[in-house]
Structure formats: structure tokens, C-alpha cells
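# Survey of secondary and tertiary structure
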Amino acid sequence: MERIVVLTGAGISRESGLDTFRDADGIWSRYDIDDVCTPAAFRRDPALVDRFYNDRRAELHRVRPNAAHLALARLEEAARTGQWPGELLIVTQNIDDLHERAGSRNVWHMHGELLRVRCTSCGGTPEWHADCLPHTPCPLCGRPTLRPDVVWFGEIPLHMPRIEAALGACDLFVAIGTSGTVYPAAGFAALVEDHADTLEINLDPSAVSGRFERFMTGPATRMVPRWVDEILAG
């Protein structure tokens, strides 16, 4: 049985129309990271941080999964129904829900989820689709102590022990639409090079392309369905 771990980054969601953070015209060209994406920023101006993520949430509601998301969901469904004798895990750096809306179930969000909030009082992480403001009460405990359930700069990514275990057991590691500049995800290819095949799917070589054995260059919406077809054809 082939065990595949797929890492997805901003490039796969950009083709659905979501703004990326690091492109020349991306979100960081309009906002200062230190103003909206750090624990200190939230302590200093929670209203500004909440507005920033409210805008991101509204943007997400206007877009749909694309052909790359749908192809990955198709591969997972083939595994679930026995049409393909393998396992697929998606580890995503993205905080959107496009993988889930496409039909994928086995998705780990290492940087958190935009459609959840976290209560700093009770620790709950309820699903959240509306605006959130500094005075908004937690639906679980009633305290106005909600923050975005995302990993900010200076915080530790989520699920790392499980991710590292999955990487240690995989047969193929695939990175799709990633810049290769954000760690720890940028180091995943190095973690598997002694036991797994590696594939990068990207518009342009990433900062860690030298770690990959195979490349597919082009839009994710074209390359990912092609790769999934290859896997299913054996």
C-alpha cells in the first residue's frame, strides 16, 4: 500500500481567487505582519486584528474549490472505496477550508483554520463563519475572550508530532503550490529523502526545489489532476 503525504500551500488556493500573503501584490504588500499576525498585535489592537480576519473570512465565502482541490479529494475517495490501494494525507499551510469543501476528509491544518475561533478562557475552538469582535462572547463559556484560531508568527504550528510521524512513514511526499520559505514545512522534503520519493508541483521552482526528485511545472489546476490520473492508472 502506497502512503502519500501531500503538503499544500498558498499556490493551490490562489487559483480559486484567494489572495496570497507573500506574492508581490499579496496581503503583506498591504498590511504589516507585526500589526495583524502576532500575539503582540492582538494584545495591542484586537479590533484591528479581528477586522483583518473578518475580511479574510468574507473573502473565503466568495470563492470555491478548484480542480486541484477536487482532484485530491478524488484520490482520497478512491482510497476510501478501495479503487486505489493507498493512503492519502493532506497537510496544508492554508487556513481556508477549500480542501474540505472539495470533499477531502483527511486534512491537517498546521497553521490553523480561518473558520474557527479559539477561546483563551476555556480553550474551545468552535466553528465560526460570522464576524468576530473583541466583545463577542464565546459560545461555549460566554466570556469575550475569542481570537482567530490561526498560528501567528512566533507560535508553534499545529499537529507537528503527528505530521512528523506521517512523514516518517510515507512512501511519497508531494508539495503543491508552496514557496519553500516557511519553516517547518520547508524542511519536510529533507525529512523524507532517505525513504520516500518526492515530487514538487508548482508554477516556479520553490526555495527548496533541490530537495525534490521530480517536478511538474504549471498551474495546480492542470498539474494536480494529471498527477492524480497517473496515480490511479498505476
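Calculation criteria
- Residues numbered from 1 in each chain as written.
- Predicted model: local features only at pLDDT ≥ 70, side-chain atom pairs only at ≥ 80, totals over all residues.
- Heavy atoms only, no water.
- UniProt positions renumbered as here; feature names shortened; annotations may be inferred.
- Helix = DSSP H or I, 4+ residues; strand = E, 2+ residues; numbered from the N terminus.
- Rg over C-alpha atoms; globule rule 2.2 N^0.38 Å.
- Buried < 20%, exposed > 50% of the residue type's maximum accessible area, 1.4 Å probe, protein only.
- Contact = heavy atoms within 4.5 Å.
- Areas by Shrake-Rupley, 256 points an atom, 1.4 Å probe, with all protein chains shown as cover.
- Lys, Arg positive; Asp, Glu negative; His and termini not counted.
- Charge placed at Lys NZ, Arg CZ, Asp CG, Glu CD.
- 1 Å grid on protein atoms, 1.4 Å probe; cavity = no way out; pocket = protein on both sides within 12 Å on 5 of 7 lines; lining within 4 Å.
- Points joined across faces, edges and corners; volume = space filled by probe spheres on them.
- Nonpolar A, V, L, I, M, F, W, Y, C, P; charged D, E, K, R; others polar.
- Arc of directions from axis to C-beta.

In the annotation of an unreviewed UniProt entry, the protein chain is listed under the name NAD-dependent protein deacylase and assigned to Gluconacetobacter johannae. Word for word, the UniProt comment on the protein chain under Sequence similarities (unreviewed entry) is "Belongs to the sirtuin family. Class III subfamily." Turning to the protein chain, the UniProt record has this under Function (unreviewed entry): "NAD-dependent lysine deacetylase and desuccinylase that specifically removes acetyl and succinyl groups on target proteins. Modulates the activities of several proteins which are inactive in their acylated form."

Before going further, it helps to examine the overall build of the protein chain. Along its length, the protein chain carries nine helices and eight strands. The globule rule puts the C-alpha radius of gyration for 234 residues at 17 Å, and the 18 Å found for the protein chain is close to it. Counting over 234 residues, the protein chain shows a buried share of 50%. For the protein chain, restricting intrachain contacts to residue pairs at least 6 apart in sequence, the fraction spanning at least 24 positions comes to 66%. For the protein chain, the exposed area adds up to about 10900 Å²; of that, 51% sits on carbon and sulfur atoms. Once the 24 positive and 33 negative side-chain charges of the protein chain are each reduced to a mean point, those two points are 4 Å apart.

The next subject is empty space enclosed by the protein. Overall, the coordinates contain one cavity of 30 Å³ or more when judged by the stated rule. Empty space within the largest cavity amounts to approximately 70 Å³. Where the lining of the largest cavity is concerned, the elements lending two or more residues are α1 (10–14) and β7 (197–202). Taken together, the residues that form the lining of the largest cavity break down as five nonpolar, four polar and two charged.

On to helix α7 (residues 160–169), then. Within α7, burial applies to M160, I163, A166 and L167. Projected down its long axis, α7 carries its buried residues within an arc of 125 degrees, all on one side. Among the structural elements, β1 (2–8), β2 (86–92), β3 (107–109), β6 (172–176) and α8 (188–192) are those in contact with the buried residues of α7.

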